[in-house]
Amino acid sequence: MSTQFSINGLKATIEGKEILKGINLNIKGGEIHAIMGPNGTGKSTLASALMGHPKYEVTEGTVLLNDEDLLEMGVDERARAGLFLAMQYPSEITGVTNSDFLRSAINARRGEGNELSLIKFIRQMEGKMKELEMNTEFAHRYLNEGFSGGEKKRNEILQMMLLDPKIVILDEIDSGLDIDALKIVAAGVNSMRSEERGFLIITHYQRLLNYITPDFVHVMMQGRIVKSGGPELAERLENEGYDWVKEELGIVDETVGQV
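Residues numbered from 1 in each chain as written. Predicted model: local features only at pLDDT ≥ 70, side-chain atom pairs only at ≥ 80, totals over all residues. Heavy atoms only, no water.

### A look at the environment of S48
Turning to step 1, where the next piece is worked out: The topology assignment puts S48 in helix α1 (residues 43–51).
Turning to step 2, where the next piece is worked out: Along the sequence, S48 and I169 sit 121 residues apart, while their C-alpha atoms lie 9.7 Å from each other.
Turning to step 3, where the next piece is worked out: Contacts of S48, omitting those with residues within four sequence positions, involve H53 and Y56. (Helix = DSSP H or I, 4+ residues; strand = E, 2+ residues; numbered from the N terminus. Contact = heavy atoms within 4.5 Å.)

Dropping the structure here:
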């Protein structure tokens, strides 16, 4: 069955201030949606609210993944249901090796009695690390500790490839990457495209979309999606900025206080 991800009328606040003011978005398996917009318009807030970050309170709306109500689930339940977030600033966790973390996460998704054997896990992990041109020594280092920005981002894509989620949210996965790392990360994403998986890519720049071609591009301002189009919309934003969108829609102040 093709994946269906539906966000309807989503509103969210932080410390009582409304950041998301009614997000509507539908993503089907096989589709890549990109969200672009100036700083402070709520893009990363959307990613965090979808994943269940406790700092953000959802006040209205529904989020359904294959008819399952994600807003009734905890963060771990959302992950097991098939939602994955590659974070803009991945955390460092001392004392937990990359491989232990990955194997525990995979087996938590697979469920009791269906765990992946150690041998199969090592084969899969090393195969994906090779695709991402990651040194296998990273498997034995503490999670993200001492990793460069680019290494952390590759590690996020490694997690995505091994966890095999239904909906992937990439929150500015391109920030801090040089062009070679960007191409490798993009190739990893493109290799995962299928009818069973949809993508939501949050980015400021066209350059990522030169390597991951989106089906739909959405502009976010004032906590709402105000304009949608195809890949040509991203190209125009890269060339002309956002002023023409604000003028077209009569937007005076596009920020809502959060990115």
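### Concerning helix α5 (residues 149–163)
Turning to step 1, where the next piece is worked out: The terminal C-alpha atoms of α5 lie 21 Å apart, and with 15 residues this matches the ideal 21 Å at 1.5 Å per residue to within 8%.
Turning to step 2, where the next piece is worked out: Of all 15 residues in α5, 13 are buried; the element is thus mostly enclosed. (Expected span 1.5 Å × (residues − 1). Buried < 20%, exposed > 50% of the residue type's maximum accessible area, 1.4 Å probe, protein only.)

### Some remarks on the pairing of strand β2 (residues 17–28)
Turning to step 1, where the next piece is worked out: Alignment of strand β1 (residues 4–14) against β2, held across nine bridges, turns out to be antiparallel. Paired with A12 across the two strands is L20, which belongs to β2. (Pairing = 2+ DSSP bridges.)

### Remarks on the UniProt feature "domain: ABC transporter" (unreviewed entry) in the protein
Turning to step 1, where the next piece is worked out: In this structure's numbering, the residues bearing the UniProt feature "domain: ABC transporter" (unreviewed entry) are residues 5–247.
Turning to step 2, where the next piece is worked out: Its end C-alpha atoms 31 Å apart, residues 5–247 is made of 37% helix and 29% strand. (UniProt positions renumbered as here; feature names shortened; annotations may be inferred.)

### Remarks on the sheet that holds strand β11 (residues 216–221)
Turning to step 1, where the next piece is worked out: Here six strands make up an open sheet; going across it, the order is β6-β9-β10-β3-β11-β12 and the pairing mixed. Across the chains shown, the open sheet's two edge strands, defined by having one partner strand only, are β6 (83–86) and β12 (224–229). Between one strand and the next, the sheet's axes are offset by a mean angle of 20°, whatever the strand orientation.
Turning to step 2, where the next piece is worked out: Two elements, β6 and strand β9 (residues 167–171), share four bridges in a ladder whose sense is parallel. Across the sheet, F84 pairs through a bridge with V168, a residue of β9.
Turning to step 3, where the next piece is worked out: Lying over the sheet, α1 contacts β3 (32–36), β6, β9, β10 (198–202) and β11, oriented at roughly 140° with respect to β6.
Turning to step 4, where the next piece is worked out: Strands in contact with α5 are β6, β9 and β10; relative to β6, the strand with the most contacts, it is inclined by about 165°. (Axes fitted to C-alpha atoms, helices over the stretch in contact; angles between N-to-C directions.)

### Considerations on the pattern of salt bridges
Turning to step 1, where the next piece is worked out: Scanning all chains against the criterion turns up ten salt bridges.
Turning to step 2, where the next piece is worked out: With its nearest N and O atoms 2.1 Å apart, the salt bridge here joins D164 to R197. Of this pair, D164 sits in the loop between α5 and β9 while R197 sits in the loop between α6 (179–191) and β10, and the two are 33 residues apart along the sequence.
Turning to step 3, where the next piece is worked out: Linking E248 and K227 is a salt bridge whose minimum nitrogen-to-oxygen distance equals 2.7 Å. One end of the pair, E248, is in helix α9 (residues 243–249); the other, K227, is in strand β12, and 21 residues separate them in sequence. (Salt bridge = Lys/Arg side-chain N within 4 Å of Asp/Glu carboxyl O.)

### What to know about the nonpolar core
Turning to step 1, where the next piece is worked out: Core analysis: the biggest nonpolar cluster contains 35 residues, and I157, M160 and L170 have the highest contact counts within it.
Turning to step 2, where the next piece is worked out: At the level of secondary structure, the elements contributing two or more residues to this core comprise β6, α3 (98–110), α4 (118–131), α5, β9, α6 and β10.
Turning to step 3, where the next piece is worked out: Those residues in contact with M160, other than ones at most four positions away along the chain, are F84, P165, V168, G188, V189, M192 and F199.
Turning to step 4, where the next piece is worked out: L25, A49, L65 and L83 belong to the second-largest nonpolar core, a separate cluster that totals 29 residues. (Core = buried A, V, L, I, M, F, W, Y, C linked by side-chain atoms within 4.5 Å.)

### Observations regarding the pairing of β12
Turning to step 1, where the next piece is worked out: Pairing of β11 with β12, which is carried by five bridges, proceeds in the antiparallel orientation. The residue of β12 that forms the bridge with H218 is S228.
Turning to step 2, where the next piece is worked out: Between the end of β11 and the start of β12, which pair antiparallel, lie two residues, with Q222 showing a positive phi angle near 55°.

### Describing the sheet that holds strand β4 (residues 57–65)
Turning to step 1, where the next piece is worked out: Taking strand neighbours across the sheet as the criterion, the four strands line up as β2-β1-β4-β5 in an open arrangement whose pairing is antiparallel. Only two strands of the sheet have a single partner each, and these edge strands are β2 and β5 (68–69).
Turning to step 2, where the next piece is worked out: Inspection of the sheet shows β1 paired to β4 by seven bridges, in the antiparallel sense. Within the sheet, the bridge partner assigned to A12 lies in β4 and is V58.

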